[in-house]
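Given next are the chains, with one letter for each unit.
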Amino acid sequence: MVEYGDIRVVYRGGSKINFRKPVISNDSRFLLCASGESVKVFSSVTEECVHELRGHTGQVTGVLLRPSNHLQVYSCSTDGTVRLWDFTDGILVRTYVVGYPVYSIYASLNHKEVVFIVTPVCVFVFAELFQLVAVNLPQTPDQLVEARDLSAVLSDVSSNPSTIAFGRGGEYLASVNNLKMEIYFFKKNKSYSFSLREYTKNGGKNTFTCIACHPKDDCVATGHDDGKIRLWRNFKQKKEYTYSTLHWHHSAVSSLCFTPEGTNLLSGGVESVLVQWRYNQENQKDFLPRLGAAITHVTVSPDGALFSTSHSDNKITIIQSCVKVSAVIQGLVKGENVTTGLLVDPRSKALVLNGRPGHLQFYSLQRDKLLFHLDIVQQEYIHEAGLEQFEVVRAAFDASGLWLATVEERKQKSAELELNLKLWSFDEQTQSFVLNTTVSAPHEARITAMCFSQAADSQTTTLVSASRDGHFKAWQLGLPAHTDGTQEWPSWSCDFVGAYHGLVPRCCCFSADGSLLAVGFQEVVTVWNPTSWELLTTLSQPPGDVRNLCFGQLSCSKYLLGSNNKKMVCCWNLLTCSLEWSTSMDVSLLLVDSRSENMAAFCCQDGSTDLFVFKPSEPRPLFSQKAVCSGRVIHAVFTPREVMLESSEESSQWLNRSQLYFLTEFMDLLTFSTKAEEEKLMASSKQLVIDDTVAMTPFYLLLGKHRHEHLGNEESAERTPLPQSSVAIKELLQTPAHVLPATSFLCSMFAKSLLISVTETSFMNSLSVLSAVAVKL
Amino acid sequence: MASFKPTQIPDLPKLGEKITEDTLYWKNYKAPVQIKEFGAVSNIDFSPVSPHNFAVTAFTRIHIYGPFSQEPVKTFTRFKDTAYCGRFRSDGQLLVAGCEDSVVRLYDVGGKAALRMYKGHTKAVHVADFTTGRYQILTASDDYTCRLWDIPNAVELTAYQEHTDYVRCGVTSKLNRDLFITGSYDHTLRVFDSRTEKSVMTMDHGQPVESLLLYPSEGLLVSAGGRYVKVWDLLKGGQPLVSLKNHHKTVTCLALNSSGQRLLSASLDRHVKVYNTTNYKVVHNFDYAAAILSLGLAPDDESIVVGMTNSILSIKHRKNLEEPKETSKPRRRPSYRVFMKGKNFVPKQDDYFVSKPARQHLAKYDKQLKRFNVSKALDTALEAWLRRKKPEVTVAVIKELDRRGTLKNALAGRDEEQLSRLLCFVIGNFFDTRFTPVLATTAEIVLDIYQCVIGQSAVIDRHLIHLQKLLEKEIYYQKDLMEILGMLDTMFAFSLLRKETAVAGLPECHTAAANVEIFKIVFEQSTCLYT
């Protein structure tokens, strides 16, 4: 990351959790999934993240339970290492350095201490050729182990992990790539390959997408691009193989999975329906429809009790025995384009942006957790590729968080644009937003900008929407209508329609006190009075269309800043209606911090983005940083801090009251953090480690003081080892229940093992403590 | 697993006027009975006594109609020239009428010939009325005078010569036998007391006064003249209270409803407007075919009678409130036991309550949409009662199918009967602005699919030709409306330009006012065209 003094850019939250297949632990209590540069361990019951296994320096590309020890897990990464973790405690056990980027990892019980990884054929990452390699993991007690004992198994495989599977406990290995399936038998050390024609007679595409092997039977299931599933049998000979076809999916099958006993086959695809086929009775199938988004991976827990499906909207669903969704782990949803931009809900301080299709998501930045989805469109989403459906394109909050305005849009190829403006009021009782008014077709063309009047104290809020049809409209809440008997809720209606010489408005902005409205009509900025709707003045600085507009805050509220697409930033003084200053800068994004006078400008230059933080009244920027990130910054937002920072350094003072979050072209959510903040974070985590064994009970408060005193006296006072590690208990816990002797026999042994041999000093200590307690009592 | 989201039926507001209690009240009249008179109907007066016959003065005749008769009960024809202002006495026995030949005639309602003739005016008498004392008559004439006559002796008692132009309206006080008010084309209203020589109060209306009306309390006086209706407070010495300008042509007559809560004004612009007398806002509006000259409201608002320049008398009767409703016997519901089964169970203290998941109730078409049975869903939506009673549901289902991209599949493969049902629905609702966009796409797709089989079925062809004709008509209307819009735009642009350039305030005001005038006329035309 880029360093600048003590401020640095850091990734914040919302990494993908649907990138690779998750893994469910043997006891079905934990679910592990690759998430960015770490592995996250979720509880499958409470949906909480229990541990985050950090250590990789590249994207984690695979997670795999160790076949010989079900409490340990392998993870591989593009940084060229395979790491072994104890996931219940979150400890890194061993690191194997492979030296090549690893794209997926496989293992089977048949092959002890060997893992199979997919690496690129040549060292260049950009090569499209991949091979499957067996890696012997050396058994040494060291933390860091070089694993250079590689042997190629298959060449020309796909980097997609769902295209390779082990069959029948590791007897053979099947891999598909494009139109070719290859099955490799370890015993015979021989591989058979089967290929299909590109298109079937009916025009279906035959490309393989995924594979699954039956755990007990010689049967391989493959999924195809046209939605077909083929079950291959008798593939031990090259010639006499057979296959049968199952067809239910209408588009590509993205994942296949057999249950551990092999009685069922699970498949999923774009339709977001989990299909359960009975093995050998394939005409009987069960469905679990409307899972929310396209299924990318399907997994089954080793005992077959839990299924989990990963979805394209960064979600993992945990399903109990194919009937009931028991838990949903949802990450920050990042679509192809965040059209609403980043918003901050003034009430919950959550980040609000496009979520699932037709929804707005509320994401808590403090807890890095998705709070909820608000259904804006309220229509059944049809999972079909190429179908145009309503999308939320604009959203705005008013200053108090009481009102939310959303615009949804549906553009058909032939027909006209469908637009809906919806206004939502916050309901205190249900603590969520309730639809108040729907305006269908508020404008004749796309809405380019929308904002609420930001005055917090005013009784009537005003919403302004600007559209490509050359008008901007002001919407106001009507008075509560008291018709006899029935009291209707007040609804929003259009108050004013403004235009300026038929030019297209691109942006609009209210001043902080709500007394002025600035609307940018191409190269002209018009300033209006929102109470009387008079055009007060026009400001213009040709050439170039105005792209961003914002009013200064607090002491700088007499300034109006605008940036245009001809690389100019202008600052007008509203008292004199004249240009205060202008500078040549290609600003792609200009935003204002509502807590201070500061403004932030993102400038795009040579494929990277620079940031300037400045006050409109001062000539020198407070903070500037070159190359904040690569690519353009498309959205950014200032979020208020809950606790103010007490930073005295000049360059980091602008981060005291609020934080700046921004979203890049590549959908990375980044923020700035100061050194002081990081130190604080580190300190708090250390504190946690020390205190995690002793609960803060009143007894502890009483006793703890004495213990601290003793600690001061005797440096050598050591904590008694916890009895978990005792041999007897391990024996007790790890022996299967049906071979255990009677409990009465075990009881005395167990009790003995719990006794701790007491040294004389510690005994004296405890005596003195007890006597002290007695005195106090 | 999210539950299925049912099709949304948008609650689209109906365009046009809002439904208020007033609209409900004033709409509750039957279709008008129209009677052709011999000339322009200049006056309508209801008899104060039951059965509330009304006298209609038109050309040289006065017809008396019964409350529900379409033929006149009685006719007075002995006028030499145009008759004016046939009015009943408070006991309903006598009728007085002025005439173009300056003679005032008094009739017995039962008789034929005039009982008395009052000669003295020198010009046409447009106003004649009985005073509350029952033995005197007030007349006012184009010779600028108003006179009081003794009925039995046919002697002129007093003559007032204060007006300086034609006196065209007058009203006598119902509470004071000596008081009466006249309005004249000299723009003034004058209050006279027969005990004094001179008028006691004068008010300036500003326009030639066409009609006068006293409130039952007689504290307020309403006058109509020019485009204005003005209300005066008589108890404050004739202070103007409100000036209403809701008509765009001369207001010709006024009426008050039976409760005194609503004021009606009729004008040459073919409208009757109903005002609320507390805030003087227009609460309802009636349209008529021609310029209105006279208006009468029966006691209890049982009927509204309007006389027009094209000599048509239009009578609207109130609908009977207690119309016997032909409701079928209510269907027998399942008994109480069925519904209460298991509902009255009270859990005991230690019982663990297992809540049953609430089943989502879906409409039939939603169930079919959930199973992706698109054709069936459309069939369900086109069921007779649904498409007649709730066309918005049918349209919403069509829209949903369109959104799912399966409208074409749903519309294809239909036989003659189904297709004609669909086309009927499309034709019936095509010009409802709420449904037009959806139905236009539907019609387009239908034409695309079935164009190869056009000509094979007479029924379908007929529907298609009907649709085509409707469309042509609509296009014609739209074209006209666009032309009018263009005209308006030029006018507004002109007035705005003047406003910006003109320095002095007065002349531009005039042009703006004139423009508004023209705008109103054009608007009138456009509404005419559209309806």
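Above this text is the structure in question.
Everything in this summary refers to the structure shown in the same document. (Residues numbered from 1 in each chain as written. Chains lettered and ligands numbered in written order. Predicted model: local features only at pLDDT ≥ 70, side-chain atom pairs only at ≥ 80, totals over all residues. Heavy atoms only, no water.)

Tallying each qualifying case throughout the model produces 36 salt bridges over all chains. Measuring nitrogen to oxygen at the nearest pair gives 3.2 Å for the salt bridge that ties B:Arg195 to B:Asp178. Pair noted here: B:Arg195 is in the loop between strand E16 (188-193) and strand E17 (199-204) and B:Asp178 is in the loop between strand E14 (167-172) and strand E15 (179-184), with a separation of 17 residues, a long-range link. On the basis of relative accessible area, B:Arg195 is assigned to the exposed category, the value being 57%. The exposure class of B:Asp178 is buried, given its relative accessible area of 15%. Between B:Asp432 and B:Arg434 there is a salt bridge whose closest N-O contact spans 3.0 Å. Through salt bridges with shared partners, one network takes in A:Asp156, A:Lys180 and A:Glu182. (Salt bridge = Lys/Arg side-chain N within 4 Å of Asp/Glu carboxyl O. Helix = DSSP H or I, 4+ residues; strand = E, 2+ residues; numbered from the N terminus. Buried < 20%, exposed > 50% of the residue type's maximum accessible area, 1.4 Å probe, protein only.)

Below, the discussion takes up the pairing of strand E12 (residues 114-120) of chain A. Residue and element names in this part refer to chain A. Taking burial as the measure, the seven residues of E12 include seven buried ones, the bulk of the element. What you see with E12 is no split at all: Val114, Phe116, Val118 and Pro120 on one side and Val115, Ile117 and Thr119 on the other are buried throughout. With seven bridges connecting them, E12 and strand E13 (residues 130-136) associate as antiparallel partners. Note on E13: the bridge partner recorded for valine 118 is leucine 132. (Pairing = 2+ DSSP bridges.)

Within the largest apolar cluster, 35 residues are counted, with the highest numbers of intra-cluster contacts made by B:Leu378, B:Ile398, B:Leu401, B:Leu411, B:Leu419, B:Leu439 and B:Val446. The residues touching B:Ile398, leaving out its near neighbours within four places in the chain, are B:Leu378, B:Leu407, B:Phe425, B:Val438, B:Leu439 and B:Thr442. Among the nonpolar cores identified, the runner-up in size contains 27 residues, and A:Phe551, A:Leu561, A:Cys570 and A:Met599 belong to it. (Core = buried A, V, L, I, M, F, W, Y, C linked by side-chain atoms within 4.5 Å. Contact = heavy atoms within 4.5 Å.)

Moving on to the interface of chain A and chain B. Accessible area lost on assembly of the parts is the figure often given for the size of an interface. Of the residues lining the interface, 21 residues belong to chain A; the matching set on chain B comes to 15 residues. Of the roughly 1600 Å² buried between chain A and chain B, counting both surfaces, carbon and sulfur atoms make up 45%. The largest contributions to the chain A side of the interface with chain B come from A:Arg290, A:Gln379 and A:Glu380, which together make up 37% of the buried area. Between the two partners, chain A and chain B, sit two salt bridges. The salt bridge involving A:Asp375 is made with B:Lys5; its shortest N-O contact spans 3.1 Å. (Buried area = accessible area lost by both parts, 1.4 Å probe.)

The strands that make up a sheet pair up through hydrogen bonds in the backbone, lying either parallel or antiparallel. Residue and element names in this part refer to chain B. Taken in spatial order, the four strands line up as E22-E23-E24-E25 in an open sheet, and their pairing is antiparallel. The two strands at the open ends of the sheet, each matched to only one other strand, are strand E22 (251-256) and strand E25 (282-287). Taken pair by pair, the neighbouring strands of this sheet meet at an average axis angle of 20°, ignoring direction. (Axes fitted to C-alpha atoms, helices over the stretch in contact; angles between N-to-C directions.)

To continue, consider the side chain of A:Gln379. Its place among the elements puts A:Gln379 in the loop between strand E35 (369-375) and strand E36 (391-397). Here B:Arg403 takes part through its side chain, which lies 3.2 Å from a polar atom of the side chain of A:Gln379. Dropping the residues within four chain positions of it, A:Gln379 is found in contact with A:Phe390, B:Lys5, B:Gln8, B:Glu400 and B:Arg403. (Polar contact = N/O pair within 3.5 Å; in protein donor to acceptor, adjacent residues only side chain to side chain.)

Residues and elements named next belong to chain B. Across the sheet, which stays open at both edges, the four strands sit in the order E6-E7-E8-E9 with antiparallel pairing between neighbours. Whereas interior strands pair on both sides, the edge strands pair on one side only; in this sheet they are strand E6 (83-88) and strand E9 (114-118). For this sheet, the mean angle separating the axes of adjacent strands, direction not counted, is 20°.

In the structure shown here, the tally under the stated rule is zero disulfides over all chains. The thiol sulfur of A:Cys507 is not disulfide-bonded, and the nearest other cysteine sulfur, from A:Cys508, lies at 7.3 Å. We note that B:Cys85 lacks a disulfide partner, and the nearest cysteine sulfur, in B:Cys169, lies 9.8 Å from it. (Disulfide = S-S within 2.5 Å.)

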